[in-house]
Amino acid sequence: MSGGDGTLALIGAGRMGSALAAGWLAKTRGGVAPDKLVFVDPQLAGRAAELAETYGIRHVSELDAETAKGVDRVVLAVKPGLVGETLDALAGRLPDDALVISVAAGVPLKSFDKRLAGRPVVRAMPNTPAAIGKGVTVCVANEAADDTAIRDKATKLLKAGGQVEWVDDERLLGAVTGVSGSGPAYVFLFCEALAAAGEAEGLPRDLAERLAVATVSGAGAMLEAGDGDARELRRMVTSPGGTTQAGLDALMAGSGLPSLVRNAVSAAERRSRQLGNESE
Ligand SMILES: NC(=O)c1ccc[n+]([C@@H]2O[C@H](COP(=O)([O-])OP(=O)(O)OC[C@H]3O[C@@H](n4cnc5c(N)ncnc54)[C@H](O)[C@@H]3O)[C@@H](O)[C@H]2O)c1
């Protein structure tokens, strides 16, 4: 089981919340019993609705006092702008020692400390590959959660989605959001662009899409296998004066792909700080 005998409340069962819940419910990874999980969301839809139906998970539109009594872990996955009001509604109901894990981009620990005085809070940044156990989550603890047993409890829960890393400096979470939180979207965009380019060169659309998906996932699997870092693996594909070199030269023309990626991560990091300020 994923730590504790109490109920795990997922507040905000949208895209990220349901990706996390899929990991908790996977027997080999999360092993959270469906009757120990409650979805708290006024509008249960999509993947979360499917999970609720498949596993018979209880669903409420807000955390009522009776349900809240049995809660020992809360994962908060509402939009950053809704964190404040959601916490205000929760604060008086949650048991004092309930662990709160927030995945809201940008929302700082101090916003939680202000509303949940003394409660252990972990601010975490996961990503959607958590749904298949291939995600990565970076965490930072507030003072009340800065304790091995509490960190272990959070790690155990978040590990159902993949790797878990901890940092001590909360300011790093913005850069983490820019790299791994938003990162899957950059990779998906690259995959879309690769398929579209193949189609533009005359490949049938469905073949171009299959080639792009196989290439992105094959390259990712090689990185994961650890038979070399990204630079070494890239060199293995690149014959001097060959086709890959011609393609890479085009990717590096002008300001080049590294500069575009640098700008993307920086823009996401900046937006994360803005979301934090807007959530105050
Ligand atoms: N989507 C991602 O890749 C990703 C990655 C990391 C972190 N996050 C963070 O996760 C959070 C949710 O993002 P998302 O993409 O899943 O958004 P989403 O819109 O898919 O999900 C948000 C959910 O919150 C629900 N909700 C709204 N008000 C609520 C309330 N008062 N109580 C309970 N539930 C309520 C909505 O009905 C919705 O289902 C955000 O804070 C985001 O920064 C998202």
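Keep in mind that this is a model prediction, so the values were computed, not measured.

Attention shifts here to the UniProt feature "domain: Pyrroline-5-carboxylate reductase catalytic N-terminal" (unreviewed entry) in the protein chain. What UniProt calls "domain: Pyrroline-5-carboxylate reductase catalytic N-terminal" (unreviewed entry) maps, in this numbering, to residues 8–106. What you have in residues 8–106 is 35% helix and 21% strand, and the ends, taken at the C-alpha atoms, are 23 Å apart.

Okay, the site of the ligand next. Taken together, 22 residues sit near the ligand, with Arg15, Met16, Asp41, Val78 and Ala105 positioned nearest. Contact between the ligand and Asp41: an oxygen atom at 2.6 Å from a side-chain N or O atom of the residue. Between the ligand and the protein, one listed contact pairs an oxygen atom with a side-chain N or O atom of Lys79 at 3.3 Å. Relative to its unbound accessible area of 820 Å², the ligand is 79% covered by the protein chains. The class makeup of the residues in the shell around the ligand is 14 nonpolar, five polar and three charged.

This part covers the nonpolar core. Membership of the largest hydrophobic core comes to 34 residues, with the highest contact counts inside it found for Leu10, Trp24, Leu37, Phe39, Val75 and Ile101. Contributing elements (two or more residues each) for this core: β1 (7–11), α1 (15–25), β2 (37–40), α2 (46–55), β5 (99–102), β6 (121–125), β7 (135–141) and α6 (148–158). Here the element with the most residues in this core is α1; it accounts for seven residues. With near-sequence residues (within four places) excluded, Ile101 lies in contact with Val74, Val75, Leu76, Val122, Ala124, Ala154, Leu157 and Leu158.

As a further point, take the sheet that holds β5. Strands sit in the order β3-β2-β1-β4-β5-β6-β7-β8 across an open sheet of eight strands; the sheet is mixed. The open sheet has two edge strands with one neighbour each: β3 (58–60) and β8 (162–166). Averaged over all pairs of adjacent strands, the angle between their axes in this sheet comes to 25°, without regard to strand direction. Where β2 meets β3, three bridges bridge the pair, whose relative direction is parallel. Of the residues in β3, the one forming a bridge with Val40 is Val60.

Here is what the cut-offs are and how they apply
- Residues numbered from 1 in each chain as written.
- Predicted model: local features only at pLDDT ≥ 70, side-chain atom pairs only at ≥ 80, totals over all residues.
- Heavy atoms only, no water.
- UniProt positions renumbered as here; feature names shortened; annotations may be inferred.
- Helix = DSSP H or I, 4+ residues; strand = E, 2+ residues; numbered from the N terminus.
- Near = heavy atom within 4 Å.
- Polar contact = N/O pair within 3.5 Å; in protein donor to acceptor, adjacent residues only side chain to side chain.
- Areas by Shrake-Rupley, 256 points an atom, 1.4 Å probe, with all protein chains shown as cover.
- Nonpolar A, V, L, I, M, F, W, Y, C, P; charged D, E, K, R; others polar.
- Core = buried A, V, L, I, M, F, W, Y, C linked by side-chain atoms within 4.5 Å.
- Buried < 20%, exposed > 50% of the residue type's maximum accessible area, 1.4 Å probe, protein only.
- Contact = heavy atoms within 4.5 Å.
- Pairing = 2+ DSSP bridges.
- Axes fitted to C-alpha atoms, helices over the stretch in contact; angles between N-to-C directions.

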